[in-house]
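Report on the structure
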Amino acid sequence: MEFVQYEQQGMVGMITIDRPNALNALNSRVLAEMGSAFDEIDLNAVRCVILTGRGDKAFVAGADIGEMRSLSKAEGEAFGRRGSELFRRIETFAVPVIAAVNGFALGGGCELAMACDIRLASENAAFAQPEVGLGITPGFGGTQRLGRLIGLGKAKELLYTGNKIKAAEALALGLVNAVYPGDALMGEAVKMAEKIASNAPIAVRAAKKAVNDGIEADMDTALNIEAKLFGQCFESEDQQNAMTAFVEKRRPAPFVNQ
Ligand code: CO8
């Protein structure tokens, strides 16, 4: 792949968008290669994924403006759908995905980060949905996910003004989970990914599914979704081992059920 790298480190998968000359902007090829990178992940071994951008300047500075410039109405809609489908796949991917936001996360870059489960940012990160200044709306889920993450009032302000916010403000708004010095970001992302990977994979996957499916439903349906996933955990060897170890006051054996 030309613009996306994938590697596995133990139980953690690392996807890097590698187009630093264009600040990792998302063109059709990058989107296709990101899809291939997610295809490559061995879910029998990987328990958490980290997504980042190459370099210390940008996570992703948006969808590729040069490529979008001459799209027709139908092509624009198709391009938006292609990105949206990929981002939805990331949002609903079986295992958690952490965005390590190492700089600009603008437009499609902010939308990509928001499709991930957790966002960790470097101190130089900056976030915006500047699309209205380019004559378009966000097209990769930004009008939907921003309000769900930070509340509609502030989301509408950011969507209508296109204003850029720094990492500290993104943290205060709950758009990111934590902010670190640039040289500490990847280490902290790996630490969190390994912590997630050390827990029972079946339980982590079920928790992700319960949150994702439940948020779209009314409370009674959502609690039913949780009950079913909760129940399923009781069929695993890991649940038996971990609870028996607790009762017997010893450490559980490493988790085995993927
Ligand atoms: N697309 C294409 N190329 C880009 C992009 C981008 N989004 N961002 C940066 N680049 C390129 C620049 O053109 C430049 O290339 P070159 O060296 O060949 O001239 C290179 O990256 C470096 O950029 P700059 O020289 O501009 O670097 P600066 O440090 O001066 O500025 C900024 C950095 C502030 C990040 C600036 O590059 C910028 O404003 N970029 C655009 C940010 C933006 O508006 N992003 C939103 C794009 S719209 C979008 O994402 C919509 C998503 C939904 C799509 C729906 C489809 C229908």
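Here's a quick rundown of the structure.

Here we look at the packing of aromatic side chains
Using the criterion set out here, one finds four aromatic pairs in the structure. Considering the side-chain rings of F87 and F140, the 5.2 Å spacing of their centres and the 70° angle between planes classify their relative orientation as edge-to-face. Of this pair, F87 sits in helix α3 (residues 73-91) while F140 sits in the loop between β8 (126-128) and α5 (142-150), and the two are 53 residues apart along the sequence. Overall, F87 belongs to the buried group, its relative accessible area being 0%. Judged by relative accessible area, F140 falls into the buried class, the value being 4%. Seen from their ring centres, F230 and F234 are 5.0 Å apart, and the 75° between their planes marks the pair as edge-to-face. The class of F234 is partly exposed, set by a relative accessible area of 38%. Three or more aromatic residues joined by ring pairs form one cluster here, namely F79, F87 and F140. Above the ring of F3, the side-chain terminus of R19 is found at 5.4 Å from the ring centroid.

Some words on the site of the ligand
What surrounds the ligand is a group of 25 residues, the closest being K57, A61, A63, I65 and G108. Backbone polar atom of G108 to an oxygen atom of the ligand: 2.8 Å apart, as the coordinates give it. Bound to the protein, the ligand loses 62% of the 1,100 Å² it would expose on its own. When residues of the shell around the ligand are traced back to their parent elements, those giving at least two are α2 (65-68), α3, β6 (104-106) and α4 (108-115). Broken down by element, the residue count for the shell around the ligand peaks at three residues, all from α3. Residue composition of the shell around the ligand, grouped by class: 14 nonpolar, seven polar and four charged.

Let's talk about the layout of surface pockets
Each pocket or cavity is described by its volume, and for the largest pocket that value is around 590 Å³. Surrounding the largest pocket, 21 residues form its lining, E91, M114, V211, N212 and I215 being those nearest its centre. Sorting the residues of the lining of the largest pocket by element identifies α3, α4, β7 (118-122), α5 and α9 (201-215) as the ones contributing at least two each. The biggest single contributor to the lining of the largest pocket is α9, with five residues. Of the residues belonging to the lining of the largest pocket, the class tally is 10 nonpolar, three polar and eight charged. When residues of the lining of the largest pocket are assigned to domains, at least three map to each of domain 1 (4-197) and domain 2 (199-247). By volume, the second largest pocket is sized at about 500 Å³. Forming the boundary of the second largest pocket are 23 residues, of which A63, M68, E131, L134 and I136 lie nearest the centre. Breaking the lining of the second largest pocket down by element, the ones donating at least two residues are α2, α3 and α4. Residue contributions to the lining of the second largest pocket peak at three residues, all from α3. Residue composition of the lining of the second largest pocket, by class: 12 nonpolar, eight polar and three charged.

Some details on the pairing of strand β3 (residues 48-53)
Most of β3 is tucked away, with six of its six residues classed as buried. With six bridges connecting them, strand β2 (residues 12-17) and β3 associate as parallel partners. Pairing of G13 across the sheet is with V49, part of β3. On the question of chirality, the crossover connecting β2 to the parallel β3 by way of helix α1 (residues 28-40) is right-handed. Sheet analysis places β3 next to strand β5 (residues 97-101), joined by four bridges and oriented parallel. Among the inter-strand pairings, T52 is bridged to a residue of β5, identified as A100.

Parameters and conventions
- Residues numbered from 1 in each chain as written.
- Predicted model: local features only at pLDDT ≥ 70, side-chain atom pairs only at ≥ 80, totals over all residues.
- Heavy atoms only, no water.
- Phe/Tyr/Trp six-rings, centres within 6.5 Å; stacked < 30°, edge-to-face > 60°.
- Helix = DSSP H or I, 4+ residues; strand = E, 2+ residues; numbered from the N terminus.
- Buried < 20%, exposed > 50% of the residue type's maximum accessible area, 1.4 Å probe, protein only.
- Lys NZ or Arg CZ within 6 Å of the ring centre and 35° of its normal.
- Near = heavy atom within 4 Å.
- Polar contact = N/O pair within 3.5 Å; in protein donor to acceptor, adjacent residues only side chain to side chain.
- Areas by Shrake-Rupley, 256 points an atom, 1.4 Å probe, with all protein chains shown as cover.
- Nonpolar A, V, L, I, M, F, W, Y, C, P; charged D, E, K, R; others polar.
- 1 Å grid on protein atoms, 1.4 Å probe; cavity = no way out; pocket = protein on both sides within 12 Å on 5 of 7 lines; lining within 4 Å.
- Points joined across faces, edges and corners; volume = space filled by probe spheres on them.
- Domains from an automatic or database assignment.
- Pairing = 2+ DSSP bridges.
- Right-handed = clockwise from strand over helix to strand, strands pointing away.

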